[in-house]
Amino acid sequence: MRKTVRYPVSGGNSLWHVYKTVPFWKVVKNFVVIQTARYTPFLGMKNWLYRTFLRMKVGDQTSFALMVMLDVMFPEKISVGDNTVIGYNTTILAHEYLIKEYRLGPVEIGKNVMIGANTTILPGVTIGDGAIVSAGTLVHKDVLPGTFVGGNPMRTIYTKEELEQRWVNDPIYGKAKA
């Protein structure tokens, strides 16, 4: 179950109430920062922009690939651990506006996580340390540390133990490193 807080609305759908929930100028500033970062090839600059202007928690040596789209309304609800890779064109959401309600939830991505290209991460999700998310995955629930998940709907491809066993003799990932 995702960890979101639900806020009911009356009248038009919840997106019509958007500027009652988040200030217009905050959205404008966030949009400019996110669009600038999406196109810059400088990883350190992206992390600085996210930390400084969006109030995100971004770990050391974390890499956001080109075209990563962060939540434009609530990016401060996103945290990413050290040495994590967020793949090309990934979308990370901390909100969802529905017909009769909107929901907000933190997104917590651990350290040493690999997120493949074109992944969508929904609000209220935790991705544990060392997890691998296959390209094109819809992350709609928590991912346990060290597991390899993928697909839509997302499913576990390898548990942490199965992945360790597969890599036991791998020269890069395994225990038998040269």
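For the structure itself, consult the block above.
Rules of the game
- Residues numbered from 1 in each chain as written.
- Predicted model: local features only at pLDDT ≥ 70, side-chain atom pairs only at ≥ 80, totals over all residues.
- Heavy atoms only, no water.
- Helix = DSSP H or I, 4+ residues; strand = E, 2+ residues; numbered from the N terminus.
- Expected span 1.5 Å × (residues − 1).
- Contact = heavy atoms within 4.5 Å.
- Pairing = 2+ DSSP bridges.
- Axes fitted to C-alpha atoms, helices over the stretch in contact; angles between N-to-C directions.
- Salt bridge = Lys/Arg side-chain N within 4 Å of Asp/Glu carboxyl O.
- Buried < 20%, exposed > 50% of the residue type's maximum accessible area, 1.4 Å probe, protein only.
- Core = buried A, V, L, I, M, F, W, Y, C linked by side-chain atoms within 4.5 Å.

(A) Molecular detail of unusual backbone geometry. A cis amide bond, omega 10°, links Asn 152 with the succeeding residue Pro 153. Relative to the helices and strands, Pro 153 is located in the loop between strand 16 (148–150) and strand 17 (155–158). Positive phi, close to 55°, is recorded for Asn 83, a residue that is not glycine. Tracing the backbone shows Asn 83 in the loop between strand 5 (78–80) and strand 6 (85–86). At Asn 89, a position not held by glycine, the phi torsion is positive, near 65°. Along the chain, the position of Asn 89 falls in the loop between strand 6 and strand 7 (91–92).

(B) Highlighting helix 3 (residues 43–54). In this model, helix 3 (12 residues) spans 16 Å end to end at C-alpha, consistent with the 16 Å of a helix rising 1.5 Å per residue. Close packing links the buried residues of helix 3 with helix 2 (24–39), strand 2 (57–58), strand 3 (63–64) and strand 4 (69–70). Arg 55 occupies a position one or two residues after helix 3 and carries a positive phi of about 60°.

(C) Local environment of the sheet that holds strand 8 (residues 95–97). Ordered in space as 1-9-8, the 3 strands form an open sheet in which the pairing is antiparallel. Two strands in the sheet have a free side with no partner beyond their single neighbour: strand 1 (5–8) and strand 8. Adjacent strand axes in the sheet meet at a mean angle of 15°, parallel and antiparallel pairs treated alike.

(D) Region of the structure containing the pattern of salt bridges. Scanning the model with the defined rule gives 6 salt bridges in all. Across the salt bridge formed by Glu 96 and Arg 103, the nearest N and O atoms sit 3.5 Å from each other. For Glu 96, a relative accessible area of 14% corresponds to the buried category. Glu 101 is paired through a salt bridge with Arg 103; the nearest N and O atoms lie 3.0 Å apart. Here Glu 101 falls in the buried class, since its relative accessible area comes to 11%.

(E) Seen up close, the nonpolar core. Phe 64, Leu 70, Ile 109, Ile 121 and Ile 127 are the most contacted members of the largest nonpolar core, which totals 38 residues. Per-element accounting of this core gives the leading share, 4 residues, to helix 2. Those residues in contact with Leu 70 that sit more than four places away from it in its chain are Ile 34, Tyr 50, Leu 54, Met 56, Phe 64, Ile 78 and Ile 92.

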